[in-house]
Amino acid sequence: MKVDYTGKLITFEGIDYSGKSVQAKQLFEKLKLQNIPCTAFRDPGATRISEKIRGILLDNDHDEMTKWTELLLYEAARAQMVEESIIPALKKGEIVVCDRFYDSTSAYQGFGRELDLEMVNRANSIGSVGLVPDLTFLIDIDVKSALERRLRVNEKADRLEAQGDAFQERVRKGYLAIAEQEADRFRVINGNDTIENIARDIFKEFMRIM
Ligand code: TMP
């Protein structure tokens, strides 16, 4: 979709417990400090309807959910967020920081669930209403370190996090493959460095596209 806007869409990607949400927040806070107009969303989420869909997707009680239903629910949540929240913010000229976007669907449903990648890509362009991020940070961390982080915070795994190590490995490899294919848009960041160092590197990269 051709949208007439001056804002930019910056997305954060990574496996569960990679630290991408922390980094999305860090960038958002730095932008605010510099008085750069910005807004932050999470996918799935950001709108009333998308948050409800998120609840359905992550509910551990929904064992019977099929892979295609899962894919379409992520796309539905995203389409609502794009039209209701992201496009209006971009039109106002804001920097939109989004914790996950359609690359998550390619990595989790495409590579993780092993759905046909071409069909996933087609669904992605509908779910994102044709919107493509200006810059995407992939916070890369190995699955073992991510699992150690989860055990440290001792949080109960949601339905996607509970898919096991082999699933997370496929997702990680998928992300790295997508980042290589779309090298112009992606920056792969080592997620094992300190929060402060990663945040500094990300801000530097962000300033380059401004
Ligand atoms: P979050 O924990 O980063 O908020 O994301 C929620 C979960 O949803 C996480 O396990 C990744 C998963 N997910 C997908 O499987 N496909 C998607 O398209 C998105 C956006 C998230």
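Residues numbered from 1 in each chain as written. Predicted model: local features only at pLDDT ≥ 70, side-chain atom pairs only at ≥ 80, totals over all residues. Heavy atoms only, no water.

Undergrad: Can you help me understand the sheet that holds strand β2 (residues 38-42) in this one?
TA: The strands that make up a sheet pair up through hydrogen bonds in the backbone, lying either parallel or antiparallel. Strand order in the open sheet made by the five strands is β2-β3-β1-β4-β5, with parallel pairing throughout. One side of each edge strand has no neighbouring strand; the edge strands of this open sheet are β2 and β5 (186-190). When strand polarity is set aside, the average angle formed by the axes of neighbouring strands in this sheet is 20°. Bridging between strand β1 (residues 8-13) and strand β4 (residues 135-140) involves four bridges; their strand directions are parallel. Directly across from T11, in β4, lies its bridge partner T136. Docked against the sheet, helix α1 (residues 20-33) engages β1, β2, β3 (95-99) and β4, running at close to 165° with respect to β3. (Pairing = 2+ DSSP bridges. Helix = DSSP H or I, 4+ residues; strand = E, 2+ residues; numbered from the N terminus. Axes fitted to C-alpha atoms, helices over the stretch in contact; angles between N-to-C directions. Contact = heavy atoms within 4.5 Å.)

Undergrad: Please clarify how unusual backbone geometry should be interpreted in this entry.
TA: The general pattern is negative phi for most residues beyond glycine and trans for most peptide bonds. P44 follows D43 through a cis peptide bond whose omega is 0°. By secondary structure assignment, the location of P44 is in the loop between β2 and α2 (48-58). Despite not being glycine, N35 has its phi angle at roughly 60°, a positive value. Note on placement: N35 falls in the loop between α1 and β2. Residues other than glycine seldom take positive phi values, yet R100 does so here, at roughly 80°. Within the fold, R100 resides in the loop between β3 and α4 (102-112).

Undergrad: What am I meant to see in helix α7 (residues 165-181) here?
TA: An α-helix turns once per 3.6 residues; consequently, residues spaced three or four apart project the same way. With 17 residues, α7 should cover 24 Å at 1.5 Å per step; its first-to-last C-alpha distance of 24 Å lies within 8% of that length. Among the residues of α7, those classed as buried are F167, Q168, V171, G174, Y175, I178 and A179. Projected down its long axis, α7 shows its buried positions confined to an angular sector of 130°, all on one face. Residues of α7 that are exposed and point more than 90 degrees away from the buried face comprise A166, K173, E180 and Q181. (Expected span 1.5 Å × (residues − 1). Buried < 20%, exposed > 50% of the residue type's maximum accessible area, 1.4 Å probe, protein only. Arc of directions from axis to C-beta.)

Undergrad: What should I look at first to understand a negative patch on the surface in this one?
TA: Together, D59, D61, D63 and E64 make up a region of like negative charge exposed at the surface. With respect to the helices and strands, the residue E64 is situated in the loop between α2 and α3 (67-91). Using a relative accessible area of 63% as the deciding quantity, one classes E64 as exposed. (Patch = residues over 30% accessible without salt bridge, like charges linked within 9 Å, V, L, I, M, F, W, Y side chains within 5 Å. Areas by Shrake-Rupley, 256 points an atom, 1.4 Å probe, with all protein chains shown as cover. Salt bridge = Lys/Arg side-chain N within 4 Å of Asp/Glu carboxyl O. Lys, Arg positive; Asp, Glu negative; His and termini not counted. Charge placed at Lys NZ, Arg CZ, Asp CG, Glu CD.)

Undergrad: Explanation requested: the side chain of R159 in the structure shown.
TA: Relative to the elements of secondary structure, R159 occurs in the loop between α6 (143-153) and α7. A polar side-chain atom of R159 sits 3.0 Å from a polar atom in the side chain of E70. Excluding residues that lie within four positions of it along the chain, R159 makes contacts with L57, L58, D59, N60, H62, M65, E70 and R113. (Polar contact = N/O pair within 3.5 Å; in protein donor to acceptor, adjacent residues only side chain to side chain.)

Undergrad: How should the packing of α1 against helix α8 (residues 195-209) be read in this particular structure?
TA: Packed helix pairs are specified by the crossing angle of their axes together with the interaxial distance, meaning the distance between the axes. Orientation of α1 relative to α8, taken along the N-to-C sense of each, is 60°, at an axis distance of 10 Å. Regarding the angle of α1 to α8, the classification is oblique. Between α1 and α8 lies a crossing whose hand is right-handed. Side by side, α1 and α8 meet where V22, Q23, Q26, L27, K30 and L31 of the first sit next to I195, I198, A199, R200, I202, F203 and F206 of the second. (Parallel < 35°, antiparallel > 145°, perpendicular 65-115°, else oblique. Left-handed = near helix turned anticlockwise from the far one by under 90°.)

Undergrad: Please clarify how the nonpolar core should be interpreted in this entry.
TA: When a protein is soluble and globular, its nonpolar side chains tend to lie buried together. Residues I15, L57, A107, Y108, L160, V171 and Y175 are the most contacted members of the largest nonpolar core, which totals 20 residues. When contributions to this core are tallied by element, the ones reaching two or more residues are α2, α3, α4, α6 and α7. In terms of residue count, the dominant contributor to this core is α7 (five residues). Sequence-distant contacts of A107, that is, excluding residues within four places in its chain, are made with G112, V171, Y175 and I178. Among the nonpolar cores identified, the runner-up in size contains 18 residues, and C38, V97, L135 and F203 belong to it. (Core = buried A, V, L, I, M, F, W, Y, C linked by side-chain atoms within 4.5 Å.)

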